[in-house]
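Here are the chains, one letter per residue:
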Amino acid sequence: MNPFKFLMAAPDATQKVPQEKIAATYKWRQAGVLFSAVVGYIGYYIIRLIFTTEQNDIMKAYHFTTADIGLVLACFGVGYGISKLFMGALSDKSNPRYYLAAGLMGSAILNLFLGSTRNLYVMMFLMILISVTQGMGAPAAQKLIQLWWGKKWRGTVYAVWSSVHNAGAFACVAIVEFSILMFSHSIAAIFYTASAVSAVIAILGADRPATVGLPSIAEYTGEVTVLQDGETVEGDTTQQSIWFVFRHYILNNKIVWAITLTSMSLYLVRYGVMSWIPSYLHQFKGFDASWAKWLVGIFELAAVPGVIILGAVSDFLKGKRALVCIVSVLALIGCLTVYFTATNHAVIVVVLILMSTLIYAPLTLVGLMVNEAVPKFAVGSSTGFMGFFQYLVGEVAATALIGILVAHFGWTASNTVLYSAASLAFVLLILIMVWQKQAIQKAAHEHLI
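The shown structure was predicted, so the numbers you read here are calculated from the model rather than taken from an experiment. (Residues numbered from 1 in each chain as written. Predicted model: local features only at pLDDT ≥ 70, side-chain atom pairs only at ≥ 80, totals over all residues. Heavy atoms only, no water.)

A few words now on the overall build of the chain. Summing up its helical and strand segments, the chain has 18 helices and two strands in all. Buried positions account for 55% of the 449 residues belonging to the chain. In the chain, 81% of the contacts between residues at least 6 apart in sequence involve partners at least 24 apart. As displayed, the chain offers around 19400 Å² of accessible surface, 69% of which is attributable to carbon and sulfur atoms. (Helix = DSSP H or I, 4+ residues; strand = E, 2+ residues; numbered from the N terminus. Buried < 20%, exposed > 50% of the residue type's maximum accessible area, 1.4 Å probe, protein only. Contact = heavy atoms within 4.5 Å. Areas by Shrake-Rupley, 256 points an atom, 1.4 Å probe, with all protein chains shown as cover.)

As structure tokens, then:
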């Protein structure tokens, strides 16, 4: 008996929803799917950030050094980047409802053990295991969005889900404060509370439309997926192997590569700005150290409305997401120039807030674009492939590389790296827009759409 059978893709329902009830059933099912994807991913973030949030208290209580904390966090970063690649591919053969819940439940259980040990090496090992279960979240959630929404509303829905990253960070802090209030600063109790909340969230979920008697989103909206060579694909599932899907639709897809490299470049800009806000503004711009730290949180939260608005704009422009990204990145390069050269603190804060949207909006949209560039049965693979480069290249370069360059050459070196990354993203987005247009024209010419 296979203990993981429940994770396998569910069969289509034998009883279909009556034609006159399809529209209404789709709407309330979509509401449930969005709620479960949003709340479920908040649960993932609660687990992911609990150690980061409590690092100062952990160092004090367990007599750890910053190097010890760095080792534990590094285990998660490297493990998460790798796990997203494999767990994303595996999600394409799984039931997204149970896959999302299983990853969260696994994270919650491992988090209990993390809160029960003071051994550094055990913590490092547990953090690697947690990174594997965490790698199940984004692919499953993004697959649900692709399965349940057509292009008309997908940009808005995806942007709402993407804002969970910011809400999750806030929820994590709220859970910590609640635990401190209830359990008198017990480090272990903080981990236990976070696990309990996440486990409750794990019972939520949804599946493919066909499994509840509804037509697929392609049948319902008439939408087809156009690949790089003009080929069109409609199905939600496939009998092809994981390796065939990954090789044929991911590795051999130039649009997927271009979008992935764009995302990697934008991740470098994201972490190159966000991670160094306290040091850069305090050391180079003369900000008060405490105020500079607060600006990290402001930078994160300020992006939420802008991301949702630009996601909706990409829907209004009939899915021209690359165009929205191009305009955003061009404006971002202008804001970076002001950020690097301005001396007025008010101007710097305003530009920083603007940059939050101009970074997170295209990051959100390229995450959607890579899903739309592949069949729905390859969405998890595309998400994992992009995540691998985002974390193992983009984030590492933005933290380790920039830290080394600044130490040797000053903040001008950091500015050069961020300019270069933003410029590369701009060029790649133009290529993506051209290639996507060519693919659509080829498909139309062959009377496939």
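Quick look at helix H6 (residues 137-148) now. Taking 1.5 Å as the rise per residue, H6 with 12 residues should run 16 Å; its terminal C-alpha atoms sit 17 Å apart, in good agreement. Among the 12 residues in H6, 12 count as buried, and that is most of the element. Of all the positions in H6, only Gly137, Ala138, Pro139, Ala140, Ala141, Gln142, Lys143, Leu144, Ile145, Gln146, Leu147 and Trp148 are classed as buried. (Expected span 1.5 Å × (residues − 1).)

A word on the layout of surface pockets. In this approach the atoms are scanned with a rolling probe the size of a water molecule, which exposes any empty space left behind. Considering only enclosed or pocket space, the second largest pocket measures out at about 720 Å³ in volume. Looking at the second largest pocket, it is lined by 29 residues, and the ones nearest its centre are Lys151, Lys318, Gly319, Gln436 and Ile440. Those elements giving two or more residues to the lining of the second largest pocket turn out to be helix H7 (151-162), strand S1 (225-226), helix H15 (321-341), helix H16 (345-372) and helix H18 (411-445). Here the element with the most residues in the lining of the second largest pocket is H18; it accounts for five residues. (1 Å grid on protein atoms, 1.4 Å probe; cavity = no way out; pocket = protein on both sides within 12 Å on 5 of 7 lines; lining within 4 Å. Points joined across faces, edges and corners; volume = space filled by probe spheres on them.)

Let's shift gears to the pattern of salt bridges. Per the stated rule, a full pass over the model turns up three salt bridges. With a shortest N-O distance of 3.0 Å, Arg154 and Glu372 are connected by a salt bridge. Within this pair, whereas Arg154 is found in helix H7, its partner Glu372 is found in helix H16, the two being separated by 218 residues in sequence. We classify Glu372 as buried; its relative accessible area is 14%. A network of salt bridges, in which partner residues are shared, links Arg154, Asp315, Arg321 and Glu372. (Salt bridge = Lys/Arg side-chain N within 4 Å of Asp/Glu carboxyl O.)

To continue, consider the packing of H7 against helix H14 (residues 289-316). At a minimum axis distance of 7 Å, the contact between H7 and H14 shows a crossing angle of 170 degrees. Of the possible angle classes, the one that applies to H7 and H14 is roughly antiparallel. Mapping the contact onto sequence places Lys151, Lys152, Trp153, Arg154, Gly155, Thr156, Ala159 and Val160 in H7 and Val307, Ile308, Gly311, Ala312, Ser314 and Asp315 in H14. (Axes fitted to C-alpha atoms, helices over the stretch in contact; angles between N-to-C directions. Parallel < 35°, antiparallel > 145°, perpendicular 65-115°, else oblique.)

What follows deals with empty space enclosed by the protein. In total, this model carries three cavities of 30 Å³ or more according to the counting rule given. Around the largest cavity, the lining comprises 26 residues; the ones closest to its centre are Ser162, His165, Tyr267, Leu363 and Gln390. Elements represented by at least two residues in the lining of the largest cavity include exactly helix H3 (66-91), H6, H7, helix H8 (164-183), helix H12 (254-274), H14, H16 and helix H17 (379-409). Each residue belonging to the lining of the largest cavity can be placed in one class, and the counts come to 14 nonpolar, 10 polar and two charged. Roughly 50 Å³ of internal volume is contained in the second largest cavity. What lines the second largest cavity is simply Gly272, Val273, Trp276, Tyr280, Tyr339, Phe340, Trp411, Ser414, Asn415 and Leu418. Looking at which element gives the most residues to the lining of the second largest cavity, the answer is H18, with four residues. (Nonpolar A, V, L, I, M, F, W, Y, C, P; charged D, E, K, R; others polar.)

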